[in-house]
Amino acid sequence: MTYAITQTCCNDATCVAVCPVNCIHPTPEERAFGSTEMLHIDPRACIDCGACADACPVDAIFPVDSLSVAQREYADINAAYYEGGEPAPGTTEGPNFHAWGEPVFERSLPSDFGPLRVAVVGTGPAGMYAAQDLLLHTAAEVTLIDRLPVAGGLVRYGVAPDHPATKKVGDTFSRFHSHPRVRMHLGIEVGRDVTAEELAAHHDAVIYAVGASTDRRLGIPGEDGPGCLSATSFVAWYNAHPEAVAQGVDLSAERVVVVGNGNVALDVARILVADPEALAGTDIAAHALEALRASRVREVVVLGRRGPEDAAYTRSELLALKHLPGVELVVDDHDPRTGAAIDAAGAGDRAGLLRGLARVRTGAAAPTASAAAPTAARRIVLRFHSEPVEILGDGDVRTVRVTDGGGGAADLAAGMLLRAIGYRGLPVPGLPFDEASGTVPHEGGRVAGLPGRYVVGWIKRGPSGGIGANRTCAAETVGTLLADAVAGTLPAPTGDAKAFRQLARRRNRRVVDARGLAAIDRAERDRGRRDGRPRVKLATVEELVATARAGRLPRLSR
């Protein structure tokens, strides 16, 4: 029996580090790492020890013979990665078959070096991987800062609620929230409550992990009208982000158009047509669940500017759509290039995954079930070689005019349009900013021209890579920071941790610390137990702060 890596692989390579036979690739040292959608286990070299499954932070690794029907394709995906290559080298000289190299300590300080005091701005994956590196490899004292009164960032507010295994990486991070060398200040915004200069004056170094919090725009007529939303705001809405509007997403139309074909586009399409009762067992926002139960959406058309061979989504996310109960996945064949690419694709090619799906024509008429699946309640239509050129409607969206692949245009009746064409970073107070890329200029994570200030995550490298990609990104930034410390180029702080805590609380009386965060977690889990859910999130800043202060769930009106 061998193991296989499945859909929820986060690419952080924790499994690589524990494998005794080096059968998981690509490794962080290999060129392909970071460009592959997931890691793969070589079935010819795996010795069935299960170390990788035990270490995986997102429960993505299983014995092949225990894979569910929906996951069985991953055994072939893992094996196909190694077709034509040699299995990982092994030896029978001892119980440990891994050819370990010389140990290296790239992110460490000399034993006689005093502890650094480092602020990390942002508690999502990028910030927490950086904090984890500092706490595990050095004696640093870490100040965690977030503008929201709760920690988690992308894990809490970006991962789809029906991907609970992916959210488990948050458990890895949360163990550091109460670390004895961590001080937490949630609800503090740099640039509003404290300046970047004040933050730097109280720490040896500051790492900014603020992500890419806005979305790219289409630049077409009608984009600013009602019913045209960003996927960013829609994801925030169904994940109970405190800055999202609890009401106001209109799901009364039968068709929604999603522009873009990356993983976020598939996420929002899947949530729109998923069975609400299946979502009721997740941590989806209560207001979103109520709206989805009343939703009239029966069809989601996903527009991709390029062909199926160049789609931006990962194979794993597409496979998840193929196994969504009660939902038919079809391909719009309005453009002959689409069918030709699918028919010519190899079994392992991205376009090849679409072989066997029904092919339809999408038009202005109301959606109807295809002959291939006449009883399917809802469907997702993948329409390639098509992009929107105008949004028409008297107030709300009524029609989305799209290119038809032949130089003309076609009209799609729709009640809502969601743009999912990528994220973009915003300027960070006190730091330089590259408007073209939406990132902070840096050298190995070091902010150009500002000693002691660093960046990590999407604000550093742009909106690319999933959760696990932040691990190697953080390793680079922390390595640069520690090298600067040894070189003596970090500015000496003028204030200490106590002075910063007093400053923060003087500027903002609603700061949440680690004890307050633990109270929020308990309250949300208690609410979830009452409803048979993992948790029911507190959805407003007021609820979060009140719960943190009281240490218990505030009395709710019924």
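These lines cover the structure that appears in this document, whether it is placed above or below. Remember, predicted model here, so these are calculated numbers, not experimental data. (Residues numbered from 1 in each chain as written. Predicted model: local features only at pLDDT ≥ 70, side-chain atom pairs only at ≥ 80, totals over all residues. Heavy atoms only, no water.)

This part takes up the overall build of the protein chain. A count of helical and extended segments in the protein chain gives 19 helices and 23 strands. Rg of the C-alpha trace for the protein chain: 24 Å, near the compact-globule value of 24 Å for 558 residues, within the 12% margin. Across its three principal axes, the protein chain shows a C-alpha extent of roughly 75 × 65 × 50 Å. Going through the 558 residues of the protein chain one by one, you find that 52% of them count as buried. (Helix = DSSP H or I, 4+ residues; strand = E, 2+ residues; numbered from the N terminus. Rg over C-alpha atoms; globule rule 2.2 N^0.38 Å. Buried < 20%, exposed > 50% of the residue type's maximum accessible area, 1.4 Å probe, protein only.)

What follows concerns the sheet that holds strand β14 (residues 358-360). The sheet built from 7 strands is open, its strands ordered β10-β19-β11-β12-β15-β13-β14 with parallel pairing. Both outer strands of the open sheet, β10 (228-230) and β14, are each paired with one neighbouring strand and no more. Strand after strand, the sheet turns through a mean of 25° between neighbouring axes, direction not considered. Relative to strand β19 (residues 416-419), strand β11 (residues 255-259) is paired through 4 bridges, and the arrangement is parallel. Directly across from Val256, in β19, lies its bridge partner Met416. Each of β11, β12 (299-303), β13 (327-332), β15 (378-383) and β19 touches helix α10 (residues 263-273); the most contacted strand, β15, lies at about 155° to it. (Pairing = 2+ DSSP bridges. Axes fitted to C-alpha atoms, helices over the stretch in contact; angles between N-to-C directions. Contact = heavy atoms within 4.5 Å.)

A separate point is the environment of Gly425. Note on placement: Gly425 falls in the loop between β20 (423-424) and β21 (442-443). For the pair Gly425 and Thr214, spaced 211 residues apart in sequence, the C-alpha to C-alpha distance is 6.4 Å. Beyond its immediate stretch of four places on either side in the chain, Gly425 contacts Gly211, Ala212, Ser213, Phe433, Gly438 and Ile459.

This part covers the nonpolar core. Note on soluble globular proteins: their nonpolar side chains tend to be buried together. Residues Ile24, Tyr238 and Leu382 are the most contacted members of the largest nonpolar core, which totals 118 residues. Counting residues in each nonpolar core, the second largest holds 22 residues, with Ile188, Val190, Leu503 and Ala504 among its members. (Core = buried A, V, L, I, M, F, W, Y, C linked by side-chain atoms within 4.5 Å.)

This paragraph deals with the packing of helix α18 (residues 514-531) against helix α19 (residues 541-550). Two elements in contact, α18 and α19, have axes whose closest approach is 7 Å; the angle formed by their N-to-C orientations is 110°. For the element pair α18 / α19, the angle class is roughly perpendicular. Listed contacts from α19 to Gly516, Ala519, Ile520, Ala523, Glu524 and Arg527 of α18 are Glu543, Leu544, Thr547 and Ala548. When grouped by side-chain class, the residues that make up the contact of α18 with α19 number 5 nonpolar, 2 polar and 3 charged. (Parallel < 35°, antiparallel > 145°, perpendicular 65-115°, else oblique. Nonpolar A, V, L, I, M, F, W, Y, C, P; charged D, E, K, R; others polar.)

Let us now look at the sheet that holds strand β18 (residues 409-413). The pairing of strands in a sheet happens through backbone hydrogen bonds and is either parallel or antiparallel. Strand order in this open sheet of 3 strands is β16-β17-β18, and the pairing throughout is antiparallel. Of all strands in the sheet, those with a lone pairing partner are β16 (388-392) and β18, marking the two edges. Averaged over all neighbouring strand pairs, the angle between strand axes comes to 20°, with direction disregarded.

What the rule picks out here adds up to 5 aromatic pairs. On the numbers, 5.2 Å between centres and 80° between planes, the contact of Tyr81 with Tyr82 is edge-to-face. With a relative accessible area of 33%, Tyr81 lands in the partly exposed category. When its relative accessible area of 9% is taken as the criterion, Tyr82 is described as buried. Each member of the aromatic cluster is reached from another via a ring pair, and the members are Phe234, Trp237 and Tyr238. (Phe/Tyr/Trp six-rings, centres within 6.5 Å; stacked < 30°, edge-to-face > 60°.)

Relative to the helices and strands, Thr480 is located in helix α16 (residues 469-487). Classification of Thr480 as buried rests on a relative accessible area of 13%. Taking the C-alpha atoms as reference points, Thr480 and Thr166, separated by 314 residues in sequence, lie 29 Å from one another. Discounting residues that sit within four places of it in the chain, Thr480 has contacts with Glu443, Gly444, Arg446 and Tyr454.

Taken residue by residue, a regular strand's side chains alternate between the two faces of the sheet. With 5 of 5 residues buried, strand β5 (residues 117-121) lies mostly within the body of the structure. Note on the crossover from β5 through helix α4 (residues 125-137) to strand β6 (residues 141-146): the handedness is right-handed. Where β5 lies against strand β8 (residues 205-208), 4 bridges are found, and the strand directions are parallel. Within β8, the position partnered with Val120 by the bridge is Ile207. (Right-handed = clockwise from strand over helix to strand, strands pointing away.)

Moving on, we come to the pattern of salt bridges. Taken as a whole and assessed by the stated rule, the structure comprises 36 salt bridges. For the salt bridge of Asp283 with Lys167, the shortest nitrogen-to-oxygen distance reads 3.5 Å. Linking Asp283 in the loop between α11 (276-279) and α12 (286-293) with Lys167 in helix α6 (residues 164-167), this pair joins segments that are 116 residues apart in sequence. Accessibility classification places Asp283 together with Lys167 in one group, the buried group. Between Arg525 and Asp521 there is a salt bridge; the shortest N-O distance is 3.1 Å. Here Arg525 pairs with Asp521, and both are found in helix α18, just 4 residues apart, close to one helical turn. Among the residues examined, Arg525 registers a relative accessible area of 34% and is labelled partly exposed. Connected via shared salt-bridge partners are Arg156, Asp521, Glu524, Arg525 and Arg535. (Salt bridge = Lys/Arg side-chain N within 4 Å of Asp/Glu carboxyl O.)

Moving on to helix α14 (residues 336-344). If you check which residues of α14 are buried, you get Thr338, Gly339, Ala341 and Ile342. Down the axis of α14, the smallest arc covering the buried residues is 160°, so these residues share one side. Structural note: α14 exposes Pro336 and Ala344 on the side pointing more than 90 degrees away from its buried face. Tucked inside the fold, the buried residues of α14 contact β13 and β14. (Arc of directions from axis to C-beta.)

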